[in-house]
Amino acid sequence: MRREVKSFYKLMKEEDGWTFMETLIVIAIILILTVTVGFVAVNNLDKARVAAARTQIESISTALEAYYIDCGNYPTAEQGFQALRRKPETSPSSDSWSGPYLYKDVPRDPWGYEYEYTSPAPDGSPYGIRSYGSDGKEGGEGKASDIKSWE
């Protein structure tokens, strides 16, 4: 057994360290893994932004429904989201307003643009909330497509 241990140590001394080629191979493998993880993360980031926009639109819709229950109407396009934070001074205004219906101002969408509020919505719904997506312009496809409350 002692002879085997001595042989092992002798072998280790002769082959101490990595060769330059082995080091390059390890670095290449690490770079390939890093790039792969980066591409997957970026793809999932776009999906997360779309999901966040849908969730924010749903939260705003819930506040609009609470406003409607109290006031009997939805805010006009001119009153906008501010009617959910402060009692509107313009008509129609209701004495039964019991807000604020949102405790913070409506956030910007995940791409940094403001949500658009329309009343009524283009499909005839009482209101519409829209994010223009990553490009901030109407229309688009993929991650640049609009996210609408009426679809």
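Residues numbered from 1 in each chain as written. Predicted model: local features only at pLDDT ≥ 70, side-chain atom pairs only at ≥ 80, totals over all residues. Heavy atoms only, no water.

(A) Main features of the overall build of the chain. Helices and strands together make up the secondary structure of the chain, namely 2 helices and 3 strands. By the burial criterion, 26% of the 151 residues in the chain qualify as buried. (Helix = DSSP H or I, 4+ residues; strand = E, 2+ residues; numbered from the N terminus. Buried < 20%, exposed > 50% of the residue type's maximum accessible area, 1.4 Å probe, protein only.)

(B) Seen up close, unusual backbone geometry. At the junction of S91 and P92, the peptide bond is cis and its omega measures out at 0° in the coordinates. By the element assignment, P92 lies in the loop between α2 (20-71) and β1 (116-118). Geometrically, the link from S119 to P120 is a cis peptide bond, its omega value of 0° lying close to zero. For P120, the position within the fold is in the loop between β1 and β2 (128-131).

(C) Expanded view of the sheet that holds β1. Here we have 3 strands laid out as an open sheet, ordered β1-β2-β3, and antiparallel in their pairing. Looking at strand neighbours, the two that pair on one side only are β1 and β3 (147-148), the edges of this open sheet. Summarising the sheet, β2 and β3 pair through 2 bridges and their orientation is antiparallel. Residue pairing across strands places R130 opposite K148, the latter belonging to β3. Together, β1, β2 and β3 form the strand contacts of α2, whose direction differs from that of β2 by roughly 160°. (Pairing = 2+ DSSP bridges. Contact = heavy atoms within 4.5 Å. Axes fitted to C-alpha atoms, helices over the stretch in contact; angles between N-to-C directions.)

(D) Region of interest: the pairing of β2. By the alternation rule, side chains of β2 split into G128 and R130 and I129 and S131, which are all buried. Here β1 runs beside β2; their pairing, made up of 3 bridges, is antiparallel. Residue pairing in the sheet places T118 in a bridge with G128 of β2.

(E) Main features of the side chain of N73. The topology assignment puts N73 in the loop between α2 and β1. Looking at N73, the relative accessible area reads 19%, which means it is buried. Setting aside its immediate chain neighbours within four residues, N73 contacts Y67, Y68 and P92.

(F) Structural view of the nonpolar core. Formed by 20 residues in total, the largest nonpolar core has its most connected members in L64, L84 and I129. Among the elements that line this core, the one with the most residues is α2, at 7 residues. With sequence-adjacent residues up to four places away left out, L64 is seen in contact with Y74, P75, L84, Y117, Y127 and I129. (Core = buried A, V, L, I, M, F, W, Y, C linked by side-chain atoms within 4.5 Å.)

(G) Examining the packing of aromatic side chains more closely. Here the structure, examined in full by the defined rule, presents 5 aromatic pairs. Ring geometry for Y67 versus Y101: centroids 5.6 Å apart, planes at 70°, classification edge-to-face. Highlighted residues: Y67 in helix α2 and Y101 in the loop between α2 and β1, separated in sequence by 34 residues. Y101 shares its class with Y67; the two are buried. On the basis of an interplanar angle of 55° and a centroid distance of 5.0 Å, the ring pair of Y74 and Y127 is categorised as tilted. Here Y74, found in the loop between α2 and β1, pairs with Y127, found in the loop between β1 and β2; they are 53 residues apart in sequence, far enough to count as distant. A relative accessible area of 14% means that Y74 is categorised as buried. (Phe/Tyr/Trp six-rings, centres within 6.5 Å; stacked < 30°, edge-to-face > 60°.)

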